[in-house]
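Read off the chains here:
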Amino acid sequence: MSRAGEDSNRRMLRARDAMDRAYAEPLDVPTLARIAHVTEAHFIRTFKATFGETPNRYLQRRRVERAMFLLRSTDRTVTDVCMAVGFSSLGTFSRVFTGIVGEPPSAYRRRGPLAPVPSCFGMRWLRPSEKTAVPEKPGEGDRS
């Protein structure tokens, strides 16, 4: 890999790490592009080329991943979980959650508490995959 390619990967990793750390904060493309020290359009293109999904979709999956854990390990309401993971609208949260997980948050919660395993195993096992998640836009998953 060229030095420029390594530098680009480091920049994208810096932005992705920021999303992982501050997933519940209001993050937008201009903010993330500044973290990566690139233009907004370049950031979106390069992030998708590097990680296989748009920055918005990655952040949504990260938020839903955390929501999945909270829904099954706490007694917080769905609305509380929605707000805690960074969504500002319960409707948007439910739509995105259902699209990624395949069922609404309330149905997911009814599965009961998480099995008593180390949290690192539980989080990995519950992590929604970008390969199994519903595409962002209709027809997007039809292309191979």
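Look above for the structure.
Structural notes, computed from the coordinates. This is a predicted model, so every value here is computed, not measured.

### Quick look at the overall build of the chain
Inference 1: When helices and strands are counted, the chain shows eight helices and zero strands.
Inference 2: The order of helices and strands in the chain, counted from the N terminus, is α-α-α-α-α-α-α-α.
Inference 3: Within the chain, buried positions represent 34% of all 144 residues.
Inference 4: When contacts within the chain are restricted to residue pairs at least 6 apart in sequence, those whose partners lie at least 24 apart make up 60%.
Inference 5: If you sum the accessible surface of the chain, you get close to 8600 Å²; carbon and sulfur atoms cover 54% of it.

### Quick word on the side chain of E103
Inference 1: Here E103 lies in the loop between α6 (90-101) and α7 (105-109).
Inference 2: Judged by relative accessible area, which is 17%, E103 ranks as buried.
Inference 3: For E103, the side chain forms a polar contact with the side chain of R111, separated by 2.4 Å.
Inference 4: Non-local contacts of E103, meaning those with residues more than four positions away in its chain, are made with F97, T98, Y108 and R111.

### Some points on helix α1 (residues 3-21)
Inference 1: Taking 1.5 Å per residue, 19 residues should reach 27 Å; α1 reaches 27 Å between its end C-alpha atoms and fits that length.
Inference 2: Among the residues of α1, those classed as buried are S8, M12, A15, A18 and M19. Along the axis of α1, the buried positions cluster into a sector of 115 degrees, meaning they face one direction only. For α1, the exposed residues lying more than 90 degrees away from the buried face are R3 and R21.

### Quick look at unusual backbone geometry
Inference 1: Even without being glycine, H37 reaches a positive phi, approximately 60 degrees.
Inference 2: Since its relative accessible area comes to 57%, H37 is described here as exposed.

### A closer look at helix α4 (residues 55-73)
Inference 1: Along its 19 residues, α4 runs 27 Å from first to last C-alpha, staying within 8% of the 27 Å computed at 1.5 Å per residue.
Inference 2: For α4, a buried count of 15 out of 19 residues is recorded, marking the element as mostly surrounded by other parts of the structure.

Criteria and thresholds
Residues numbered from 1 in each chain as written. Predicted model: local features only at pLDDT ≥ 70, side-chain atom pairs only at ≥ 80, totals over all residues. Heavy atoms only, no water. Helix = DSSP H or I, 4+ residues; strand = E, 2+ residues; numbered from the N terminus. Buried < 20%, exposed > 50% of the residue type's maximum accessible area, 1.4 Å probe, protein only. Contact = heavy atoms within 4.5 Å. Areas by Shrake-Rupley, 256 points an atom, 1.4 Å probe, with all protein chains shown as cover. Polar contact = N/O pair within 3.5 Å; in protein donor to acceptor, adjacent residues only side chain to side chain. Expected span 1.5 Å × (residues − 1). Arc of directions from axis to C-beta.

That is the geometry; function is a separate question.
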